[in-house]
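Working through the structure, step by step
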Amino acid sequence: MNKQFRLAFQLPLVFLDMMVLNLAYGLTGAVLRERIANDEPATYLSLLVALNVSWTMIGGGLRLYAESKITSFEDFTKSTAQTYLLWVISMLFYLFFFRVSDISRYYIVLFLAAFAIGLVINRFLYLGFYHHFKARNFLR
């Protein structure tokens, strides 16, 4: 895979994962607006920042978007599952050690499920694009 094409694949994958994370966060908040209306908005905002930073750090540390992983759907999916699991664990550590008890547990569970579903959809979109470009001989 040439360098320009690799960058053209890596950067959108990072962007889409971050977009899905933030979209899942926002949609979960919209669905549960009635349930979390009285909660402190600053707590939810700090959670959002922690979620984005931890996904970026864990994904970078595990080299989720490395060329060696994105060229194989199986490796990329396995690495995504490992990153997601470590990310969930880090989020639970954040909630426990910073004693964040103002956030609804129902919100957290629904958000985790929404983000997992979004990642699965992203990976299948990636698979479709990858096979499309491979069939057109754009991958060398």
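Above this text sits the structure in question.
Below you will find a few notes about this structure. (Residues numbered from 1 in each chain as written. Predicted model: local features only at pLDDT ≥ 70, side-chain atom pairs only at ≥ 80, totals over all residues. Heavy atoms only, no water.)

**A word on helix H3 (residues 41–61)**
Inclusion rule: Secondary structure elements are defined from DSSP: runs of H or I of at least 4 residues count as helices, runs of E of at least 2 residues count as strands, and each element is numbered from the N terminus. Take the number of residues in a helix, subtract one, and multiply by 1.5 Å to get its expected span. When a residue's accessible area, from a 1.4 Å probe over protein chains only, is under 20% of the maximum for its type it is buried; when over 50% it is exposed; and in between it is partly exposed.
Its 21 residues place the ends of H3 30 Å apart at the C-alpha level, agreeing with the 30 Å of an ideal helix rising 1.5 Å per residue. Listed as buried for H3 are Thr43, Tyr44, Leu47, Leu48, Leu51, Asn52, Ser54, Trp55, Ile58 and Gly59. The first or second residue beyond H3 is arginine 63, which carries a positive phi of 55 degrees.

**A word on the pattern of salt bridges**
Stated precisely, the cut-off is as follows: Salt bridge, as used here: a side-chain nitrogen of Lys or Arg that lies within 4 Å of a carboxyl oxygen of Asp or Glu.
Going through the model one piece at a time under the given rule, you end up with one salt bridge. Here aspartate 17 and arginine 123 are joined by a salt bridge, their closest N and O atoms 2.7 Å apart. Linking aspartate 17 in helix H1 (residues 3–31) with arginine 123 in helix H6 (residues 105–135), this pair joins segments that are 106 residues apart in sequence. Comparing aspartate 17 with arginine 123, the two get one shared label, buried.

**Considerations on the nonpolar core**
Looking at soluble globular proteins, one finds that nonpolar side chains tend to be buried together. The following threshold applies: Take the buried residues of types Ala, Val, Leu, Ile, Met, Phe, Trp, Tyr and Cys, join any two whose side-chain atoms come within 4.5 Å, and each joined set is a nonpolar core.
Formed by 37 residues in total, the largest nonpolar core has its most connected members in Trp55, Trp87, Phe111 and Phe115. Looking at this core, the elements with two or more residues in it are H1, H3, helix H5 (73–97) and H6.

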